[in-house]
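Fold and geometry: a report
Residue-level listing of the chains:
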Amino acid sequence: MTINVGVLGARGRMGATVVKAVENAGDMKVVAALDAGDDFAALADAQVVVDFTHPEAVMGNLKYLVEHDIHAVVGTTGFSEERLAQLRALLAPKPSLGVLIAPNFALGAVLAMRFAAQAAKFYASAEIIELHHNRKADAPSGTAAHTARMIAEARAEAGVTPGPDATTSELDGARGASVEEVRVHSVRLPGLVAHEEILFGGEGETLTIRHDSLDRTSFMPGVLLGVREVLKRPGLTVGLENVLDL
Ligand SMILES: NC(=O)C1=CN([C@@H]2O[C@H](COP(=O)(O)OP(=O)(O)OC[C@H]3O[C@@H](n4cnc5c(N)ncnc54)[C@H](O)[C@@H]3O)[C@@H](O)[C@H]2O)C=CC1
Ligand SMILES: O=C(O)C1=N[C@H](C(=O)O)C[C@H](O)C1
């Protein structure tokens, strides 16, 4: 059976790549490729919509999709706990509808996050460096925030307290942002695509986990998997790690 797919953000870096990937997939077709200002009525035939737009646009888009009974696969970043709660409330009256949100659709990035969560209970000290192209709208990256949350959860489960840090005098921002008590440092440079390092420090050793997306095609197998899986998964799923057989 062919899955009818709509794409939001279709003229953007990710959206344009998604349109090509869906067109090349044997089991799906693009029924609408829309960007800002286009008429969403063109989504009428879509079973699943893929959203790679902007943190400021995505909640409005999702409201439209849920209200029109269209499943959603979302790569757009900017999801706080508050936004996720709003979405769950939006989905409550639609028990057969699925929304999958993944801060990162690249297999290696998902594995890196999982490995970081595994390492977190053994190392009290952890920091994240995320590196992206300089046209990225948000900082820190959604992936870094998700990684920090996974580290915090693993720490809480294992009863690990974040390691000591003696720094007292610092220039504003020199120690990065604190996300769930994990320091996150954001680098923005032309030439980069999407990269993340998770650094752990212990007695006489460090462990570094690094992932590099060198091309936006790295996200496409995960996006296509998401389109297939969201039809079978009602409710809200956050993170591709919950879809992959890890
Ligand atoms: N989850 C993942 O694996 C990945 C997530 N991202 C995220 O995806 C988002 C988009 O990234 P890029 O493609 O690099 O940005 P981009 O700026 O190249 O593209 C965004 C597009 O969305 C359009 N847009 C804005 N509001 C819209 C609306 N209401 N409806 C339809 N289209 C709208 C813009 O006009 C633009 O063409 C960002 O939040 C980024 O962090 C990016 C790469 C991978
Ligand atoms: O904007 C990007 O490019 C990316 N955004 C996502 C994020 O914020 O984590 C995923 C990936 O890092 C690329």
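Residues numbered from 1 in each chain as written. Chains lettered and ligands numbered in written order. Predicted model: local features only at pLDDT ≥ 70, side-chain atom pairs only at ≥ 80, totals over all residues. Heavy atoms only, no water.

1. With respect to the sheet that holds strand β6 (residues 125–132)
One open sheet holds the 5 strands; their spatial order is β7-β8-β6-β9-β10, and the pairing between them is mixed. At either end of the open sheet lies a strand with only one pairing partner, and these are β7 (177–179) and β10 (205–213). Ignoring which end each strand starts from, the neighbouring axes of this sheet average 25° apart. Contacting β9 (194–202) and β10, helix α4 (residues 107–120) runs over the sheet at an angle of about 160° to β10. Across the sheet, helix α5 (residues 142–158) touches β6, β7, β8 (182–188) and β9, and the angle it forms with β6 is around 165°. (Pairing = 2+ DSSP bridges. Helix = DSSP H or I, 4+ residues; strand = E, 2+ residues; numbered from the N terminus. Axes fitted to C-alpha atoms, helices over the stretch in contact; angles between N-to-C directions. Contact = heavy atoms within 4.5 Å.)

2. Looking at the site of ligand 2
Residues in contact with ligand 2, as listed here, are Thr 77, Pro 103, Asn 104, His 132, His 133, Lys 136, Ser 141, Gly 142, Thr 143, Ala 194 and Phe 219. Here an oxygen atom of ligand 2 and a backbone polar atom of Gly 142 are 2.8 Å apart. Coverage of ligand 2 by the protein amounts to 84% of the 320 Å² it exposes when considered alone. (Near = heavy atom within 4 Å. Polar contact = N/O pair within 3.5 Å; in protein donor to acceptor, adjacent residues only side chain to side chain. Areas by Shrake-Rupley, 256 points an atom, 1.4 Å probe, with all protein chains shown as cover.)

3. Focus: the pairing of strand β2 (residues 28–34)
Bridge count between strand β1 (residues 3–8) and β2: 6 bridges; the pairing is parallel. Following the sheet pairing, Ile 3 is matched in β2 by Met 28. Tracing the backbone out of β1, into helix α1 (residues 13–24) and back to the parallel element β2 gives a crossover that is right-handed. (Right-handed = clockwise from strand over helix to strand, strands pointing away.)

4. Thoughts on the pattern of salt bridges
Enumeration over the complete set of coordinates arrives at 12 salt bridges. Salt-bridge contacts for Asp 165 lead to Arg 175; the nearest nitrogen and oxygen are separated by 2.6 Å. Highlighted residues: Asp 165 in the loop between α5 and β7 and Arg 175 in the loop between α5 and β7, separated in sequence by 10 residues. Through salt bridges with shared partners, one network takes in Glu 127, Asp 165 and Arg 175. (Salt bridge = Lys/Arg side-chain N within 4 Å of Asp/Glu carboxyl O.)

5. Structural notes on the side chain of His 71
In this fold, His 71 is placed in strand β4 (residues 71–74). Taking relative accessible area as the criterion, His 71 reaches 12% and is therefore assigned buried. (Buried < 20%, exposed > 50% of the residue type's maximum accessible area, 1.4 Å probe, protein only.)

6. Considerations on the nonpolar core
Soluble globular proteins: nonpolar side chains tend toward being buried together. Among the nonpolar cores identified, the biggest contains 31 residues, and Val 5, Val 18, Met 28, Val 50, Phe 105 and Val 227 are the most heavily contacted of them. At the level of secondary structure, the elements contributing two or more residues to this core comprise β1, α1, β3 (48–51), α4 and α6 (220–230). Inspection of this core shows a minimum of three residues originating in each of domain 1 (3–101 + 217–243) and domain 2 (107–214). Residues contacting Phe 105, with those up to four places away along its chain left out, are Phe 52, Val 73, Val 74, Gly 75, Leu 100, Ser 218, Phe 219, Gly 222, Val 223 and Leu 240. Counting residues in hydrophobic clusters, the runner-up holds 23 residues, among them Phe 40, Phe 79, Leu 84 and Leu 97. (Core = buried A, V, L, I, M, F, W, Y, C linked by side-chain atoms within 4.5 Å. Domains from an automatic or database assignment.)

7. A look at the domain arrangement of the protein
Here the domain parsing of the protein yields domain 1 (3–101 + 217–243) and domain 2 (107–214). Here the C-alpha centroids of domain 1 and domain 2 sit 27 Å apart. Listed by partner, the interface residues are 11 residues for domain 1 and 13 residues for domain 2. For the pair domain 1 and domain 2, the summed buried area comes to about 920 Å², and 53% of that belongs to carbon and sulfur atoms. Among the residues domain 1 hides against domain 2, the three largest losses belong to Arg 13, Thr 77 and Glu 241. Together they make up 52% of the total. (Buried area = accessible area lost by both parts, 1.4 Å probe.)

8. Quick look at the packing of α4 against α5
The geometry of α4 relative to α5 is characterised by a closest axis approach of 8 Å and an angle of 30° between their N-to-C directions. Between α4 and α5, the angle falls in the class roughly parallel. Between α4 and α5 the crossing geometry is right-handed. On α5, the residues that touch Met 113, Arg 114, Ala 116, Ala 117 and Ala 120 of α4 are Thr 143, His 146, Thr 147, Met 150, Ile 151, Ala 154 and Arg 155. Of the residues contributing to the contact of α4 with α5, the split by class is 7 nonpolar, 3 polar and 2 charged. (Parallel < 35°, antiparallel > 145°, perpendicular 65-115°, else oblique. Left-handed = near helix turned anticlockwise from the far one by under 90°. Nonpolar A, V, L, I, M, F, W, Y, C, P; charged D, E, K, R; others polar.)

9. Regarding the UniProt feature "domain: Dihydrodipicolinate reductase C-terminal" (unreviewed entry) in the protein
UniProt records the feature "domain: Dihydrodipicolinate reductase C-terminal" (unreviewed entry) for residues 108–244 in the present numbering. Span residues 108–244 is 30% helix and 29% strand, its end C-alpha atoms 12 Å apart. (UniProt positions renumbered as here; feature names shortened; annotations may be inferred.)

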